[in-house]
Amino acid sequence: MTQRLTQEQLSQIVTEVESLQVRREAELDQQQVREILQELNLPPELLDEALIQLNRRQALEVQQRRNRWITSGVVAVVVVAIASTIFFMQQQNSVLSHVSAQQDGITLVQNSSGNLKTISRQTNPEVLYRVTLKDAPLGKKLALSCNWIDPSGQIVKQNNYQTREINTSVWDTQCRYIINPAATVGNWKVQMFLEGRQISDETFEVK
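Definitions and limits used
Residues numbered from 1 in each chain as written. Predicted model: local features only at pLDDT ≥ 70, side-chain atom pairs only at ≥ 80, totals over all residues. Heavy atoms only, no water. Pairing = 2+ DSSP bridges. Helix = DSSP H or I, 4+ residues; strand = E, 2+ residues; numbered from the N terminus. Core = buried A, V, L, I, M, F, W, Y, C linked by side-chain atoms within 4.5 Å. Buried < 20%, exposed > 50% of the residue type's maximum accessible area, 1.4 Å probe, protein only. Disulfide = S-S within 2.5 Å.

Draft legend 1. Region of the structure containing the sheet that holds strand E4 (residues 143-149). Taken together, five strands build an open sheet; the order of strands is E2-E8-E7-E4-E5 and the sheet is mixed. With partners counted over all chains shown, the strands left at the sheet margins are strand E2 (118-119) and strand E5 (155-162), one partner each. Across six bridges, E4 lies against strand E7 (residues 186-194) in antiparallel orientation. The partner of tryptophan 148 across the bridge, within E7, is valine 190.

Draft legend 2. Representation of the nonpolar core within the structure. Counting 27 residues, the largest nonpolar core has Tyr129, Leu133, Trp148, Ile179 and Phe204 as the members making the most contacts within it. Among the secondary structure elements, those contributing two or more residues to this core are strand E1 (100-108), strand E3 (126-134), E4, strand E6 (171-178), E7 and strand E8 (197-206).

Draft legend 3. Structural detail: the state of the cysteines. A complete count under the given rule lists one disulfide for this structure. In this model, cysteine 146 is linked to cysteine 175 through a disulfide, with the two sulfur atoms separated by 1.9 Å. Between cysteine 146 and cysteine 175, the disulfide has an S-S torsion of 65° and is therefore right-handed. Of this pair, cysteine 146 sits in strand E4 while cysteine 175 sits in strand E6; the two residues are 29 residues apart in sequence, bridging distant segments of the chain. Using a relative accessible area of 2% as the deciding quantity, one classes cysteine 175 as buried.

Now the structure itself:
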């Protein structure tokens, strides 16, 4: 069956044929090129080598363009990965920034009630710093730390730990320290940090 063409298709075919004719007329065969080289006083016997060099150069340009595209793609992937990481970290920091201490207090291990303000060092007590967190992120584990500071301002003990997976927005946690009989008497302080940000502190006296 003879294919029938629309007027628009015919116009496109005419344009394409004209383009091919112009391109073919602009192309030279090797004999014509040799004649041009002779007219320019250039050795025509170097034509084959020149064609090889030209093909190599064109192939190199194609490879370089391909490499640039590959490099651009890799860079784009890296940029997206970095942006995603920054976004995730910002989201994580935003969630952690809402966590705070709802209440805190100093107790002994054997007596968890009340909030001690005075502790006797002679009994070699193990002291707990109990903190109730609010707005804790569900499904996360929090990195917490405590500094126990003596009256001179020196940090004599640091606790670093990770909580279990949070399953309630109000979360109880604690740090502990054993005060030995040689401990410095005076006003002590304990501080709790979340990811390096202080969220609570409490003072007590050691006698």
